[in-house]
Amino acid sequence: MTKRQDGDKSMNDPMHEPESEERQVVLVVDDQPLNLAAITEIVRELDVQVRAASNGQTALRYAELQPQPDLILLDVMMPEMDGHQVLAALRSSPLTRDIPVIFVTALNTPEDEQGGLHEGAADYITKPVKPAVLRARVEAQLELRRSRQRLAAQNTWLEKEVERRLQQGQALEQRLELSLEASGLGVWEYVPATAGIAECLRWSSSLTAMLGLANAPDTLAGWQALIHPNDRALFASLIQNGG
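Definitions and limits used
Residues numbered from 1 in each chain as written. Predicted model: local features only at pLDDT ≥ 70, side-chain atom pairs only at ≥ 80, totals over all residues. Heavy atoms only, no water. Helix = DSSP H or I, 4+ residues; strand = E, 2+ residues; numbered from the N terminus. Buried < 20%, exposed > 50% of the residue type's maximum accessible area, 1.4 Å probe, protein only. Areas by Shrake-Rupley, 256 points an atom, 1.4 Å probe, with all protein chains shown as cover. Polar contact = N/O pair within 3.5 Å; in protein donor to acceptor, adjacent residues only side chain to side chain. Patch = residues over 30% accessible without salt bridge, like charges linked within 9 Å, V, L, I, M, F, W, Y side chains within 5 Å. Salt bridge = Lys/Arg side-chain N within 4 Å of Asp/Glu carboxyl O. Core = buried A, V, L, I, M, F, W, Y, C linked by side-chain atoms within 4.5 Å. Contact = heavy atoms within 4.5 Å.

If you had to explain the overall build of the protein chain to someone new, which residues and values would you point to?
Helix and strand counts for the protein chain stand at 8 helices and 7 strands. Residues classed as buried in the protein chain amount to 30% of the 243 residues present. About 15400 Å² of surface is accessible on the protein chain, with carbon and sulfur atoms providing 53% of the total.

Just give me the short version of the side chain of Arg 145, but keep the residues and values in it.
Along the chain, the position of Arg 145 falls in helix H5 (residues 131-183). One polar contact links the side chain of Arg 145 to the main-chain carbonyl oxygen of Asp 98, over a distance of 3.1 Å.

So what about a nonpolar patch on the surface? Which residues, and what values?
Residues Met 210, Leu 211 and Leu 226 make up a contiguous nonpolar surface patch of roughly 290 Å² in combined accessible area. With respect to the element layout, Leu 226 can be found in the loop between helix H7 (220-224) and helix H8 (232-240). Overall, the relative accessible area of 42% leaves Leu 226 in the partly exposed class.

Lay out the nonpolar core in plain terms, naming residues and giving numbers.
Among the nonpolar cores identified, the biggest contains 19 residues, and Leu 27, Val 29, Ile 72, Leu 74, Val 86, Leu 90 and Phe 103 are the most heavily contacted of them. Among the elements of the structure, strand S1 (25-29), helix H2 (56-63), strand S3 (71-74), helix H3 (83-92) and strand S4 (101-105) are those that each provide at least two residues to this core. Setting aside anything within four residues of it in sequence, one finds Phe 103 in contact with Leu 74, Val 76, Gly 83, His 84, Leu 87, Gly 116, Glu 119, Ala 121, Asp 123, Tyr 124 and Ile 125. In this structure, Val 28, Leu 36, Val 48 and Val 104 belong to the second largest nonpolar core, which totals 17 residues.

Here is the structure:
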């Protein structure tokens with residue numbers, strides 16, 4: 001597999017964070033001991049952690065163990081609980097529904113493959129397994145899994161960063177308002193309506209007090225009425241030209 005390289009990047013930003021050296025986990029499920037041993041040995045060559053289960057119930061239990069599998073190689077024809085039932089159970093649980101599954105089976109008709117993919121399998125490999133093909137398919141799914149996890153981490157970080165900066169902006173605005181109130185300066189802010197943004201009209205309480213008003217005007221027309229008649233034309237010009 002491709003070697004991971006760490007750069008000199010921020011540890012707080014997952015978009016520039018060195019990737020973990022922890023190996024990915026592959027769960028192999030097959031009721032035939034020889035098949036289980038052979039597939040496990042092939043997958044180990046990819047330098048991953050491998051878990052092996054010989055039946056569906058054990059596979060479901062192993063799928064929830066931490067660290068959870070990054071990929072499941074699942075036989076279809078098994079007693080008691082077959083691969084289709086195992087896949088359905090995996091998809092029904094919020095803990096395991098996102099784990100990719102590759103069917104590895106002797107069922108080799110186009111209808112079998114189409115049915116398996118329709119059920120939600122990420123890939124379909126027929127037995128007897130060709131080692132090179134199995135390794136390539138497994139490696140592709142593991143890389144896709146890693147990319148999706150990285151993208152999810154980046155999205156989570158971005159959401160938190162946006163929220164953090166919004167809170168910073170609100171805190172700065174509150175401090176500014178407190179400073180203005182303490183200074184006794186009267187401040188009026190007007191932001192004209194633009195596409196998708198409503199008109200904004202804000203007053204400081206000190207300005208309202210200076211003008212002897214019980215409440216600040218809530219419209220631009222109300223503010224204009226307070227301006228001396230000789231200055232209204234200049235004010236209108238300023239508003240029209242954006243100040």
